[in-house]
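Structural overview for review
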Amino acid sequence: MKFFQMFSVFAGAAISFVISSSQILANNSQDDQEFYLRFLETGELADDAIEDIECLAHNIYHEARGEEEIGQIAVAYVTMNRVEHWYFPDSVCDVVWEPGQFSWTRDGRSDAMYDEERAEFALDVAVRVYYQIENDPVQGALFYHATYINAPSWTRQMNLVDRIGIHKFYTWDGEWN
């Protein structure tokens, strides 16, 4: 089995992590495998992938930085599931910055990631989710909310998939009743 040492510089911080070729081959279509393995060997990303991964890392950091790894992966997958869904924009950054979708994008505070350790971890999760090295633990969920708030009215039109950490995750049939 071949292992790849990943190294990246993000927001001025260098991170590294190790993944195996079997993780990539198990979770990606045959057409995508060559691209992902080439990325892992060279460390080079297309410009649009860099921007998408940065937006995904910011969303993970601001929405779930205090969560366990599985909670951060779950939040990241909601973003990626939206990219693939007809109702939402078709790029990670457009999903993240869609008005009214994620509270941190409209809270009036800085969007900087001040906690370097958590920023590095969010980037690590973002790369693994973006390249589908991790499986989707929320089964295609498109929505979530924190458990410490009352369930929003939109949850009545959703199917609860799971509770992971401090978030509840929901699927949606695509119809607003």
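What counts and what doesn't
Residues numbered from 1 in each chain as written. Predicted model: local features only at pLDDT ≥ 70, side-chain atom pairs only at ≥ 80, totals over all residues. Heavy atoms only, no water. Helix = DSSP H or I, 4+ residues; strand = E, 2+ residues; numbered from the N terminus. Buried < 20%, exposed > 50% of the residue type's maximum accessible area, 1.4 Å probe, protein only. Contact = heavy atoms within 4.5 Å. Areas by Shrake-Rupley, 256 points an atom, 1.4 Å probe, with all protein chains shown as cover. Pairing = 2+ DSSP bridges. Patch = residues over 30% accessible without salt bridge, like charges linked within 9 Å, V, L, I, M, F, W, Y side chains within 5 Å. Salt bridge = Lys/Arg side-chain N within 4 Å of Asp/Glu carboxyl O. Lys, Arg positive; Asp, Glu negative; His and termini not counted. Charge placed at Lys NZ, Arg CZ, Asp CG, Glu CD. pLDDT = per-residue confidence, 0-100. Expected span 1.5 Å × (residues − 1). Polar contact = N/O pair within 3.5 Å; in protein donor to acceptor, adjacent residues only side chain to side chain.

On to the overall build of the chain, then. Counting its secondary structure elements, the chain contains six helices and five strands. Reading the chain from its N terminus to its C terminus gives the helix and strand order β-β-α-α-α-α-α-α-β-β-β. In the chain, which comprises 177 residues, the proportion classed as buried is 47%. Of the contacts made within the chain by residues no fewer than 6 positions apart, 58% connect residues no fewer than 24 positions apart. Approximately 9700 Å² of the chain is accessible, and the part contributed by carbon and sulfur atoms is 45%.

Further remarks concern the pairing of strand 5 (residues 167–171). Regular strands have side chains that alternate between both faces of the sheet. Of all five residues making up strand 5, four are buried, and the element is well covered by its neighbours. Sheet topology note: the strand 3 (residues 143–146)/strand 5 ladder contains four bridges and is antiparallel. The partner of Ala146 across the bridge, within strand 5, is His167. Where strand 4 (residues 159–164) and strand 5 come together, five bridges link them in antiparallel fashion. Of the residues in strand 5, the one forming a bridge with Arg163 is Lys168. The loop that links strand 4 with its antiparallel partner strand 5 comprises two residues; one of these, Gly165, has a positive phi angle of about 60 degrees.

This part takes up the environment of Phe121. Following the sequence through the fold, Phe121 ends up in helix 6 (residues 116–130). For Phe121, a relative accessible area of 30% gives the class partly exposed. Apart from the residues lying within four places of it in its own chain, the contact partners of Phe121 are Glu69 and Gln72.

All right, on to a negative patch on the surface then. Where like charges cluster on the molecular surface, the negative patch consists of Glu51, Glu54, Asp90 and Asp94. With respect to the helices and strands, Asp90 occurs in the loop between helix 4 (69–84) and helix 5 (92–96).

With that settled, consider the pattern of salt bridges. Using the criterion set out here, one finds five salt bridges in the structure. Here Arg128 ties to Asp124 by a salt bridge, and the two come within 3.2 Å at their closest N and O atoms. With Arg128 and Asp124 both in helix 6 and four residues apart, the pair spans about one turn of that helix. As far as burial versus exposure is concerned, Arg128 and Asp124 are alike and both buried. Each of Glu69, Asp124, Arg128 and Glu134 takes part in one network of salt bridges that share partners.

It should be kept in mind that the predicted coordinates are not to be read in detail where pLDDT is low. The share of residues in the chain with pLDDT of 70 or more is 72%, and the mean pLDDT across the chain is 82. Mean pLDDT per element in the chain: strand 1 (residues 3–10) is the minimum at 41, and helix 4 is the maximum at 97. Contacts of residues 1–21 to residues separated by more than four positions or lying in other chains number 52 contacts, the stretch itself having pLDDT below 50.

Moving on: helix 6. Between the first and last C-alpha of helix 6 there are 21 Å, a value that for 15 residues agrees with the 21 Å anticipated at 1.5 Å per step. Every buried residue of helix 6 is accounted for by Ala119, Ala122, Leu123, Asp124, Val125, Ala126, Val127, Arg128, Val129 and Tyr130. Its side-chain oxygen at 3.2 Å from the backbone nitrogen of Glu117, Asp115 defines the N-terminal cap of helix 6. Immediately downstream of helix 6, the backbone of Gln132 shows phi near 55 degrees, a positive value.

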